[in-house]
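Coordinates in review
Letter by letter, the chains look like this.
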Amino acid sequence: MKKLDLELFENIQTKARYSPLIWSVANIVLPDGLWDFTERKWQIAIMEDPHPRIVSKKPSQVGETTIFICKALWFMQYRRTRVIWTFPRQEDVSEFVTTRFRPILHNSPNIARHVGQSRDDPQSQRITKYKNSYIYFQEASVEPRMTTADLLANDEVDRSDPDNLEAFLGRLENSKYKIHYRFSTPTIPNFGIDRIFNEESDQRYWMVRCPHCGHRQSLKWDVNLMFDKNDHPYYGCEKCRRDLAPEAIINGEYVAMYPDRFVHGYQVSGMMLPLSKPPMYMYQRFKTMKRKNFYNLLLGETYETSGLKFDPEVIL
């Protein structure tokens, strides 16, 4: 390696020690290609948040699991620690480890050389050693095993057994870090991640400033979806009704509604992806999908009609 390249590499690695984002971009090769924050600047805020208690209410397939697995690996890189990662079912554990986690380990040279290789190092679908740390993947459909942890990540909270999730929290009691991440696609109002976000967190919404009138707003489907004179859908300002260009949405910022609350809560909406999921695409899906699936999976919002009530037992 050339001297200039070596100095650049060492400088990046020094900064990476204090930044999960820099460390991840410098060391992790994603299974689906290069890092791209073009329309996902909101991911940067979540990745760089050092707070020990974070919750995120989000749509499906927006990269949240990747964000938090990178934060966990960064944490394991610089500390001797244990991580517990939960999924609703054993099948979810197998699928994630096989199709997402192992490809990240094997395709990233700077990561792969630190994964346990000796005969005594565990390497399975349930436990992996990375440097001097361990990550355990467990299903939340059964009571947790007696494993202590410094970082606990609950993936898909709404589809996990709430009693077992509470028991998992006890695994952090003896840790000096007590880091707890919870993230999920929501289902019904006042349940699971929606209840946690509303009642416990500081409720951070992605605020978009209208380039025409300066009004700041978080995007709402029934408010900001508008139609022009040719009946073409667009995202418009709730105040002046003029177009919110993709650049305005992409360059928004998170603002906490209740800044005095301890838990950091992030709301992510499918409307925050104006390039890959533009208004026309979202409107077409709105017309063809079941309403509950559209609101839960594409918008990251709860859904319940007056004539069809769901309860937690039905969801689980």
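The structure this text deals with has already been given above.
Quick look at the structure, then. (Residues numbered from 1 in each chain as written. Predicted model: local features only at pLDDT ≥ 70, side-chain atom pairs only at ≥ 80, totals over all residues. Heavy atoms only, no water.)

1. Some words on the layout of surface pockets
Stated formally: Cavity: a set of points on a 1 Å grid over the protein atoms alone where a 1.4 Å probe fits but cannot get out. Pocket: an open set with protein on both sides within 12 Å along at least five of seven lines, its lining residues, like those of a cavity, having an atom within 4 Å of a point. Grid points are joined across faces, edges and corners, and a volume is the space filled by probe spheres set on the points. Under the scheme used here, helices are H or I runs from DSSP no shorter than 4 residues and strands are E runs no shorter than 2 residues, and both carry numbers assigned from the N terminus. Ten residue types, Ala, Val, Leu, Ile, Met, Phe, Trp, Tyr, Cys and Pro, are classed as nonpolar, four, Asp, Glu, Lys and Arg, as charged, and the remainder, Gly among them, as polar.
Of the volumes computed, that of the largest pocket is approximately 1100 Å³. As for the largest pocket, its lining consists of 35 residues, and the residues nearest its centre are Gln61, Val62, Gly63, Thr65 and Arg100. Elements with a contribution of two residues or more to the lining of the largest pocket: α4 (64–78) and α5 (90–107). The biggest single contributor to the lining of the largest pocket is α5, with six residues. Looking at the lining of the largest pocket residue by residue, the classes come out as 12 nonpolar, 10 polar and 13 charged.

2. Describing the packing of helix α2 (residues 20–27) against α4
When two helices pack together, their arrangement is given by the angle between the helix axes and by the axis-to-axis distance. Formally: Each axis is a line fitted through C-alpha atoms, taken for helices only over the stretch in contact, and angles between the N-to-C directions span 0 to 180 degrees. Should an angle lie under 35 degrees it is considered roughly parallel, over 145 roughly antiparallel, and from 65 to 115 roughly perpendicular; all remaining angles are considered oblique. Only heavy atoms enter the contact rule, under which two residues are in contact if any of them lie within 4.5 Å.
Closest axis-to-axis distance for the α2/α4 pair is 9 Å, and the angle between their directions is 95 degrees. Between α2 and α4, the interaxial angle falls into the category roughly perpendicular. When α2 is examined against α4, the residues Pro20, Trp23 and Ser24 are found in contact with a partner set consisting of Cys70, Lys71, Leu73, Trp74, Gln77 and Tyr78. Broken down by class, the residue content of the contact of α2 with α4 amounts to six nonpolar, two polar and one charged.

3. Quick notes on the nonpolar core
The following threshold applies: By nonpolar core we mean a set of buried residues, namely Ala, Val, Leu, Ile, Met, Phe, Trp, Tyr and Cys, connected to one another through side-chain atoms within 4.5 Å. With a 1.4 Å probe rolled over the protein chains alone, any residue whose accessible area is under 20% of its type maximum counts as buried; one over 50% counts as exposed, and the rest are partly exposed.
With 65 residues, the main nonpolar core has Trp42, Ile69, Trp85, Phe137, Trp221 and Phe294 as its most contacted residues. In terms of residue count, the dominant contributor to this core is α4 (nine residues). If we ignore the near neighbours within four places in the chain, the residues touching Trp221 are Tyr235, Met271, Met282, Tyr283, Phe286, Phe294, Tyr295 and Leu299. Counting residues in each nonpolar core, the second largest holds 17 residues, with Val55, Ile84, Tyr136 and Phe168 among its members.

4. Overview of the packing of aromatic side chains
Our working rule: Two aromatic rings from Phe, Tyr or Trp, using only the six-membered ring of Trp, form a pair when their centres are within 6.5 Å; if the ring planes differ by under 30 degrees the pair is stacked, by over 60 it is edge-to-face, and anything between is tilted.
Under the defined criterion, the tally for this structure stands at 22 aromatic pairs. Judged by centre distance (5.1 Å) and plane angle (75 degrees), the rings of Trp206 and Tyr254 are edge-to-face. Remark: Tyr254 occurs in strand β11 (residues 253–256) and Trp206 occurs in strand β7 (residues 204–209); sequence separation between them is 48 residues. Residue Trp206 shares its accessibility class with Tyr254, and that shared class is buried. Ring centres of Tyr283 and Phe286 lie 6.5 Å apart, and the angle between their planes is 20 degrees; on these two criteria the pair is classed as stacked. Remark: Phe286 and Tyr283 occur in helix α11 (residues 279–288); sequence separation between them is three residues, near one turn of the helix. Accessibility assignment for this pair places Tyr283 and Phe286 in one class, buried.

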